[in-house]
Protein chains: 2
Amino acid sequence: INPDIASERQTASFSVEKLMAWLDGSAEHTRIRRAVVEAIECDPVFSRENQYFQSQNERYEEAVKKAVHLQKKMQEMGWTENGPEYKYIYRALAGDVAFLLHRVFMRSISMLGSDKQVAKWIPLATQYQLIGSYAQTELGHGTYLQGLETTAVFDITTQEFILNTPKISAMKWWPGDMGRSATHTVAFAQLYIHGKCYGVHPFIVQIRSLQDHSLCPGITAGDIGPKMSFEHADNGFLMLQNVRIPRENMLSKFCEVQPDGTYVRWGSQKINYFTMTSVRISLISDEVITPVMKACTIAIRYSVVRRQSKLKPGEQEAKILDYQTQQEKLLPQLAAAYAFHLISNYLQELFDRGYREIQRKNFDMLPELHAFSSGFKAIITQYCTSAVEICLRACGGHGYSLLSGLPSLYTKILASCIYEGENTILLLQTARFLIKCFMAASAGQPVPPSVTYLAAVKPGKCPAKNKLDFLSPDIYMEAYRHTAARLVSSTAAKLQDLTQSGVKKHDAWNQCTVQLARAAKAHCHYITVKNFAEAVVKIETQAGIQKIMKHLCDLFALHGIFSNAGIFLHDGYISGTQMDMVTASYLDLLPVIRKDAVPLVDAFDFTDKSLNSALGSYDGQVYQRLYEWAQKSPTNTQMSPAYERYLKPLLHKKLSKL
Amino acid sequence: INPDIASERQTASFSVEKLMAWLDGSAEHTRIRRAVVEAIECDPVFSRENQYFQSQNERYEEAVKKAVHLQKKMQEMGWTENGPEYKYIYRALAGDVAFLLHRVFMRSISMLGSDKQVAKWIPLATQYQLIGSYAQTELGHGTYLQGLETTAVFDITTQEFILNTPKISAMKWWPGDMGRSATHTVAFAQLYIHGKCYGVHPFIVQIRSLQDHSLCPGITAGDIGPKMSFEHADNGFLMLQNVRIPRENMLSKFCEVQPDGTYVRWGSQKINYFTMTSVRISLISDEVITPVMKACTIAIRYSVVRRQSKLKPGEQEAKILDYQTQQEKLLPQLAAAYAFHLISNYLQELFDRGYREIQRKNFDMLPELHAFSSGFKAIITQYCTSAVEICLRACGGHGYSLLSGLPSLYTKILASCIYEGENTILLLQTARFLIKCFMAASAGQPVPPSVTYLAAVKPGKCPAKNKLDFLSPDIYMEAYRHTAARLVSSTAAKLQDLTQSGVKKHDAWNQCTVQLARAAKAHCHYITVKNFAEAVVKIETQAGIQKIMKHLCDLFALHGIFSNAGIFLHDGYISGTQMDMVTASYLDLLPVIRKDAVPLVDAFDFTDKSLNSALGSYDGQVYQRLYEWAQKSPTNTQMSPAYERYLKPLLHKKLSKL
């Protein structure tokens, strides 16, 4: 073990094991998680050893192999979809596994299908007698579902739907597992009966033969080619030409086309939102917080091993984590990883509560849940994407090597800003909810508890008198609350001014969207700070954990004020002099947290295999590992024809005409 | 041509051809540039058609092929290194070409070698009788040159230097062209004579046989493996074990080891800085501004073709560039591309002036040039990297496809933040210069003209009375100047307070580095705004160019204030009410510039081949191109064994033990 990293672990101000159990939820959860990781990592089929050297084709083949093997493994281990181990499997596999869209296929049938449809299709899917996908997005259509162009025309004579891709922009594009694997898909299309359009509906369509995997008649499908990441996934395209499916294949929990062409709708359609809400909340933890924790682990461990330049003349070169600028890059990202881990738990609880209410047919929480899942999906993916980039850049040249593990974390997390709702559009949905609540609250109407603060907007000044006052959660929470409320109310006022001056409602909305998005961010930022501060109070004071979490909470909050100073200074709530105090307290926290930086990332408990990083391993043997791994690269193991073809003739002056 | 993009070109408020000539320097330059591009693009050897589908090995082989072919092409076309065509070749090739480090090898010999060494090596290199590289960075050492660990011990008995890599962290790591191509390199090593260390010196070392390209005795070398980009470059590693080179191979323009071991130094060493300065200034235009212009072209063209959701009910889906949030993402990046293009010209002129002075043995401008090239390299690379990321994300899912061209622009420009000096370290060098000048100016001593403003720090208030006042360059330039000066002076005061309270000088510096970096950024930002505003005044008022450039300058300046509101509000120079005016003027500019957005990127004059983007082509046929290109992907053209091996047994239930 590298002594430069060993020494960092001897001075931890808290128990790493205790913190780990707190993060996992209990020591028992830690035990189960570790058992799953152990079982996965000791199985050579799941190895990611050569991942950085593989082509897109090889990554896809590995992902399919792993997905198929996983079925076997789960049987062997006795893991089930409802068991306590299940949620750790994906984390342990660390990504490259196929058939994720097969699960979405199943989920959509479970939620949107009739009992009969569920009874028919779910067993087939569970036993992998077919492979499913989920075809919603089209070449020309993403977020705006109503704009989808694929058509499904009901043919009363044959009792079939005829599906078509009327033009190129209507081609399904992006669905995972569809490019090369899927045999079936749930395709969304505009339903037409007797020439009348009834809007977008989901249909089960077979696309490949179950016998020989050839494309079915009328189907054109394939892979959409290379992407910035997700090399393992066969995101696909799909074109439909007069593809006929039986009437029974339209998912019909909420509506149905009867044999005579009568369209019947029943039940609430609102529940459709709930699927998206559930997906957004679950992706935050798996696809966003895990990567940012990994990036922090890699960058912080590397920063205590890397020595560069001297802090004082005559001394040894300093660990780069001893430079204020390096601390200021990495430690706020570490604090954010903890902050978002906690808000993710909070969102999950909110969701579970909402789900229980919905099962009781109470849909009151849906708007708040939708607004929360949208806004937090947007700010967390944005914040964490930027955090991973900061970690990558903070590792200099070696961070830029794929072998550091950071580039692939970055290119993957970046996609989370785009998929499952483009972030700007999501923020504007949150903003719409906030403006509504603000108007309601101003009119004395009841609003959900999380937004009651919007009613209490008033001018005021921050009471802090010295820099230590800014280590009080009451002081900074109030600053965040005040600022979020001010941004919401001032944007509401601008909206009102515009419409009162004769601007049409939609134009007025468009002209306020930059400020609306900012207000939504401020709201989510406030809730995150508040939730962190409240979580810290609940921690038992044992084992030093509360103390270090309080430091991280302070750092997260003050970093936010320091980095967004304008919105806090704007109305004088915080004065310039107070901002200097914020800055001082913020910078003072850096060397304090720096002392525990390595134990704080050790508590995330990623194995070396799971990090797959030459820079981030537990033992800190960075340079040896970079050298060993580089030697395995195909750029060294495969002879290049470049010498014989180009270099030799050049050097020996045997190039024609030269 | 897509009518949605055609209509954008009919309403240009200025002449695209005239703007192009202004950007190029003259219509004659435009003509020459186009001729070079034409000659390169019609040559199939230089095609980049399959680039997004190639492996690292294939990219390397293509790059070598192109570099070798380029020699022939230049002869054919009569292009020379000093001709007017030369600077357009690299832009036309658009990156993937080998032997860039061969040029650095030659440049370092020209600048650091004695006349005799130049006479021996330069002809060999020019005629490619050898292939050179440049080996400075080590596994454990980047920016801090004094820390290099490679040793060169003078052996008086044989009149040789013995080069060694004493430990793994001393291994040369990253040098381009070294992994598989180079036969020679300039290696930097600590010089030892009679056991005494004389510091880092450059040595010419042969690493591969000129006969068969095998590694020379004592040499271990290879490729460092996959990186986030630069797949075409064979960045390499190099280990030296008792490698002997003749005494004549130490580059000795400024110092020499004589046969008896006497070390002699002469001339100024300052000139070494000048090489770095020159490299930093030239990379800004080739590696940073060109990519950001390309990214803007792609994202803006796509944003007038992509329609999504409705601005008004009942209407057609809107072009996404008609949304305020999309304008606010892209148009400031477009303005920045113009701003940095202009500052890059300014830096080049400053450099040329400095170079003329140096030829007259006047080194007075060196500190300012070093500070400028460092600071601007840092802020421009950082700003433009973020700009390309914004463009990528603004294109949603399709931006994330490699076929958009945006991911490869992003992963490449990101490296510019790291190479040729890590940005934080560069900003701190600029800050050191600014603090020195501030102290000198405060003491009434003379300082370079660009920083005289630091002497005139005084409290004050922005005189703007309404939002239109913020369209006056005098108003916003003064705000930038005031803020930059305030940040420099307040950080100087903090430094002084700390040292006066007994903190050691080096600790005090470290404790101020976050603020020092910020002051350096503010300085560069001010100079960029000032230079833009001054350039606008000089434009002839013809053809609408001055007017649209004035809009872009205003947008760049106001976007900077809007996005960094905190530093302008901090001391009350700009009040909250005035910040609302800034915001209003800033948002008002967006729809104005939006009208000219497509002509403004057309003026960058990138060919479709050069953009290599399915989203950004001139004709706006986005979806057709995405589909055509995807079909050529190896994920579609190569049969995958995954079906036979894994999917078929799964679907047919023939998996063992399942």
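Residues numbered from 1 in each chain as written. Chains lettered and ligands numbered in written order. Predicted model: local features only at pLDDT ≥ 70, side-chain atom pairs only at ≥ 80, totals over all residues. Heavy atoms only, no water.

Under an unreviewed UniProt entry, chain A has the name ACOX2 oxidase and belongs to Bucco capensis. As recorded by UniProt, the Subcellular location (unreviewed entry) comment attached to chain A reads in full: "Peroxisome". In UniProt, chain A has this text filed under Sequence similarities (unreviewed entry): "Belongs to the acyl-CoA oxidase family." (UniProt positions renumbered as here; feature names shortened; annotations may be inferred.)

Student: Is there a simple way to explain the overall build of chain A in this structure?
Tutor: Of regular secondary structure, chain A possesses 24 helices and 11 strands. The globule rule puts the C-alpha radius of gyration for 658 residues at 26 Å, and the 27 Å found for chain A is close to it. For chain A, the spread of C-alpha atoms along the principal axes amounts to about 90 × 80 × 65 Å. Counting across all 658 residues of chain A, residues that qualify as buried make up 63%. Taken as a whole, chain A presents about 25000 Å² of accessible surface, with 54% of it coming from carbon and sulfur. (Helix = DSSP H or I, 4+ residues; strand = E, 2+ residues; numbered from the N terminus. Rg over C-alpha atoms; globule rule 2.2 N^0.38 Å. Buried < 20%, exposed > 50% of the residue type's maximum accessible area, 1.4 Å probe, protein only. Areas by Shrake-Rupley, 256 points an atom, 1.4 Å probe, with all protein chains shown as cover.)

Student: I keep staring at helix α13 (residues 423-442) of chain B and nothing clicks. Help me out?
Tutor: Given 3.6 residues per turn, any residue in an α-helix points the same way as the ones three and four places further on. Between its terminal C-alpha atoms α13 of chain B stretches 28 Å, which fits the 28 Å expected from 20 residues at 1.5 Å a residue. Backbone geometry just downstream of α13 of chain B places Gly 444 of chain B in the positive-phi region, at approximately 80 degrees. (Expected span 1.5 Å × (residues − 1).)

Student: Help me understand the packing of helix α14 (residues 473-500) of chain B against helix α16 (residues 513-538) of chain B in this model?
Tutor: Helices that pack against each other are described as a pair by the angle of their axes relative to one another and the distance between those axes. Residues and elements named next belong to chain B. Orientation of α14 relative to α16, taken along the N-to-C sense of each, is 160 degrees, at an axis distance of 9 Å. The orientation of α14 with respect to α16, classified from their angle, is roughly antiparallel. Every pair of crossing elements has a handedness; the one defined by α14 and α16 is left-handed. Two secondary-structure elements touch here, α14 through Pro 473, Tyr 476, Met 477, Tyr 480, Arg 481, Ala 484, Leu 487, Val 488, Thr 491 and Lys 494 and α16 through Gln 515, Leu 516, Arg 518, Ala 519, Ala 522, His 523, His 525, Tyr 526, Val 529, Lys 530 and Ala 533. When the residues that make up the contact of α14 with α16 are grouped by side-chain class, the tally is 13 nonpolar, four polar and four charged. (Axes fitted to C-alpha atoms, helices over the stretch in contact; angles between N-to-C directions. Parallel < 35°, antiparallel > 145°, perpendicular 65-115°, else oblique. Left-handed = near helix turned anticlockwise from the far one by under 90°. Contact = heavy atoms within 4.5 Å. Nonpolar A, V, L, I, M, F, W, Y, C, P; charged D, E, K, R; others polar.)

Student: I would appreciate a short explanation of the sheet that holds strand β4 (residues 172-173) of chain A in the present structure.
Tutor: Note: strands within a sheet are paired through backbone hydrogen bonds, in either parallel or antiparallel orientation. Residues and elements named next belong to chain A. As summarised here, the arrangement of the three strands in space is β4-β8-β7, forming an open sheet in which the pairing is antiparallel. Bordering the open sheet on either side are β4 and β7 (219-223), each of which pairs with just one other strand. As judged from the two bridges shared by β4 and strand β8 (residues 236-240), these two strands associate in the antiparallel manner. Its bridge partner lying in β8, Trp 173 is registered against Phe 237. (Pairing = 2+ DSSP bridges.)

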